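# Descriptive analysis of the structure
As a plain string of letters, each chain reads:
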Amino acid sequence: MGDESYMSLALSLARRRKGLTFPNPTVGCVIVKDGNIVGLGYHKEAGSPHAEIVALNQAGRSAENAEVFVTLEPCSHYGRTPPCADALIKAKVKKVIVATEDPNPLVRGKGIEKLRKAGVDVKVGILREEAEELNRDFFTYISLERPYITLKLAQTVDGRIATFTGDSKWITSHESRKYAHRLRSEANAILIGINTVLKDDPFLTIRYIPFPKNPLRVVIDPSLKIPLRAKLVKDKSAPTLVFFSKRKPLKEKKLTSEGIELVYMESIKLKTVLSELHKRGIVHLLVEGGAKTVSYFLREGLWDRFIVFQAPLLLGEGKGIDKLGIERVEKALKLKLKREIPLGEERVFEFVKE
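The sections below set out a description of the structure shown in this document. Since the model is a prediction, treat every value here as computed from it, not as a measurement.

### Points about the nonpolar core
- Of all hydrophobic cores here, the largest spans 32 residues; its most connected members are Leu151, Phe243, Leu285, Phe297 and Phe306.
- Beyond its immediate chain neighbours, meaning those up to four positions away, Leu151 contacts Val287, Val294, Phe297, Leu298, Trp303, Arg305, Phe306 and Ile307.
- Within the second largest apolar cluster, 26 residues are counted, among which are Ala85, Val96, Ile112 and Val283.

### Structural notes on the sheet that holds strand S1 (residues 28-33)
- If you walk across this open sheet you meet the 5 strands as S2-S1-S3-S4-S5, and the pairing is mixed. Each edge of the sheet is formed by a strand with only one pairing partner; in this case those strands are strand S2 (36-42) and strand S5 (121-124). Direction aside, the axes of adjacent strands within the sheet are offset by 15 degrees on average.
- Alignment of strand S4 (residues 95-98) against S5, held across 4 bridges, turns out to be parallel. Bridge assignment links Lys95 to a residue of S5, and that residue is Asp121.
- On top of the sheet, helix H2 (residues 51-59) reaches S1, S2 and strand S3 (67-70); it is set at about 140 degrees to S2, its chief contact.
- Set on the sheet, helix H4 (residues 110-117) makes contact with S4 and S5; between it and S5 the angle comes to about 150 degrees.

### What about the side chain of Arg17?
- Within the secondary structure layout, Arg17 lies in the loop between helix H1 (3-15) and S1.
- Engagement of the side chain of Arg17 in a polar contact is seen with the backbone oxygen of Lys44, the distance being 2.9 Å.
- Setting aside residues up to four positions removed in sequence, Arg17 forms contacts with Thr26, Tyr42, His43 and Lys44.

### A closer look at the pairing of strand S8 (residues 216-220)
- With 5 of 5 residues buried, S8 is to be regarded as a mostly interior element.
- Side chains Leu216, Val218 and Ile220 project from S8 onto one buried face, and the interleaved Arg217 and Val219 project onto a second face that is buried too.
- Note: strand S7 (residues 189-193) against S8, 5 bridges, orientation parallel. The residue bridging Gly193 from the neighbouring strand is Ile220, located in S8.
- The β-α-β motif built from S7, the intervening helix H8 (residues 194-200) and the parallel element S8 has right-handed crossover chirality.

### Focus on the pattern of salt bridges
- What the rule picks out here adds up to 23 salt bridges.
- Here Glu113 and Lys117 are joined by a salt bridge, their closest N and O atoms 3.3 Å apart. Of this pair, Glu113 and Lys117 both sit in helix H4, separated by 4 residues, roughly a single helical turn.
- Overall, Lys117 belongs to the exposed group, its relative accessible area being 69%.
- Its salt-bridge partner being Asp201, residue Lys231 comes within 3.1 Å of it at the nearest N-O pair. A residue pair is termed long-range when its members are at least 10 positions apart, and Lys231 in helix H9 (residues 231-234) and Asp201 in the loop between H8 and S8 qualify at 30 residues.
- Overall, the relative accessible area of 28% leaves Lys231 in the partly exposed class.

### Considerations on the sheet that holds strand S11 (residues 284-287)
- Strand order in the open sheet made by the 9 strands is S10-S9-S8-S7-S11-S6-S12-S14-S13, with mixed pairing throughout. Only two strands of the sheet have a single neighbouring strand rather than two, namely strand S10 (261-264) and strand S13 (335-343). Adjacent strand axes in the sheet meet at a mean angle of 20 degrees, parallel and antiparallel pairs treated alike.
- For S8 and strand S9 (residues 240-244), the ladder comprises 4 bridges, and the chain directions are parallel. Opposite Ile220, over in S9, you have Phe243 as the bridge partner.

### Quick word on unusual backbone geometry
- Omega for the bond connecting Phe22 with Pro23 falls within 30 degrees of zero, at 5 degrees, which places this linkage in the cis form.
- Look at Lys92: it is not a glycine, yet its phi comes out positive at around 65 degrees.
- Turning to its location among the elements, Lys92 is positioned in the loop between helix H3 (84-90) and S4.
- The exposed category is assigned to Lys92, whose relative accessible area is 51%.
- In this structure, Leu224 takes a positive phi of about 50 degrees despite not being glycine.
- Among the structural elements, Leu224 can be located in the loop between S8 and H9.
- A residue is classified by how much of its surface remains accessible, and Leu224, at 0% relative accessible area, is buried.

### Points about the pairing of S1
- A large share of S1 lies buried, amounting to 5 of its 6 residues.
- Pairing of S1 with S2, which is carried by 6 bridges, proceeds in the antiparallel orientation. Bridging from a neighbouring strand, Ile31 pairs with Gly39 of S2.
- From the end of S1 to the start of S2, which pair antiparallel, there are 2 residues, and Asp34 there has a positive phi angle of about 55 degrees.
- Pairing between S1 and S3: 4 bridges, direction antiparallel. Looking at S3, one finds that Ile31 is bridged to Val68.

Reading the values: rules and limits
- Residues numbered from 1 in each chain as written.
- Predicted model: local features only at pLDDT ≥ 70, side-chain atom pairs only at ≥ 80, totals over all residues.
- Heavy atoms only, no water.
- Core = buried A, V, L, I, M, F, W, Y, C linked by side-chain atoms within 4.5 Å.
- Buried < 20%, exposed > 50% of the residue type's maximum accessible area, 1.4 Å probe, protein only.
- Contact = heavy atoms within 4.5 Å.
- Pairing = 2+ DSSP bridges.
- Helix = DSSP H or I, 4+ residues; strand = E, 2+ residues; numbered from the N terminus.
- Axes fitted to C-alpha atoms, helices over the stretch in contact; angles between N-to-C directions.
- Polar contact = N/O pair within 3.5 Å; in protein donor to acceptor, adjacent residues only side chain to side chain.
- Right-handed = clockwise from strand over helix to strand, strands pointing away.
- Salt bridge = Lys/Arg side-chain N within 4 Å of Asp/Glu carboxyl O.

Here it is as structure tokens:
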């Protein structure tokens, strides 16, 4: 095996915990000595040993003069765990191959510098693109100080997300809904507007695939209309956070007694909501709201990835993306198609900003 193969293995280890390490990045590590793998590790969850420590513990004394392949720059500071760079130096590894630098100001370049000053040979950039893609949400969370935002819509060929009566179940198939739940597993919060709560009464949990943890459920509900009988209130398998701007002391008390966390704002502004979520360690936000909520994010330019599920159906009259204030075609939002995934007769399109 060559360097790329070992790093590819490290990346596959990291992917096992995608969605479960927030607010930390997901990281994998492989330790190789004399052409043999002597240590494997991945970061399990925030507060647990980092990938390098897990791999070093497995390697034991074999780590001395070994090569270490790690998907993200080893940390150099004390957080909830000691610095990984120090542990690698103490283990007397010969070389550390890093896929990409850590954008966190507490680490950025410092882990690599510490290793080199200690006489460890460091190489950076093997499978950099794949490593950065794996933690794209974490990089955004750090650099822009807001969650990475994925917008999601299911629509017909003629761009309808519901009939003119508002019926939308189900535009897409079971297979597409299963893929949608995989998207939920990549995020640590799901956001919808109050209209979706009132119309669909969703659980917003991960049910179509096995996954050990549900994301935080977030509702934008200015007038605090969320029913006390709503699944988001009664179901306790995931926490629920509601942003509101109209005081209703009695209802606030009842919702709080149900375990619902309420955040009052005089005026709900999207950037303020995102700032609050960032403070709470929300690295990846999945927006599953209806046309109005998704359009709200699009109008503000606050999105990173737009996932569109398209079913081979025609509705004619119906509801689609809400007003974006675009008067001329030349002013249309420009999207870049990153990938297209076939799911039976349906298609999943993943767009990013051009």
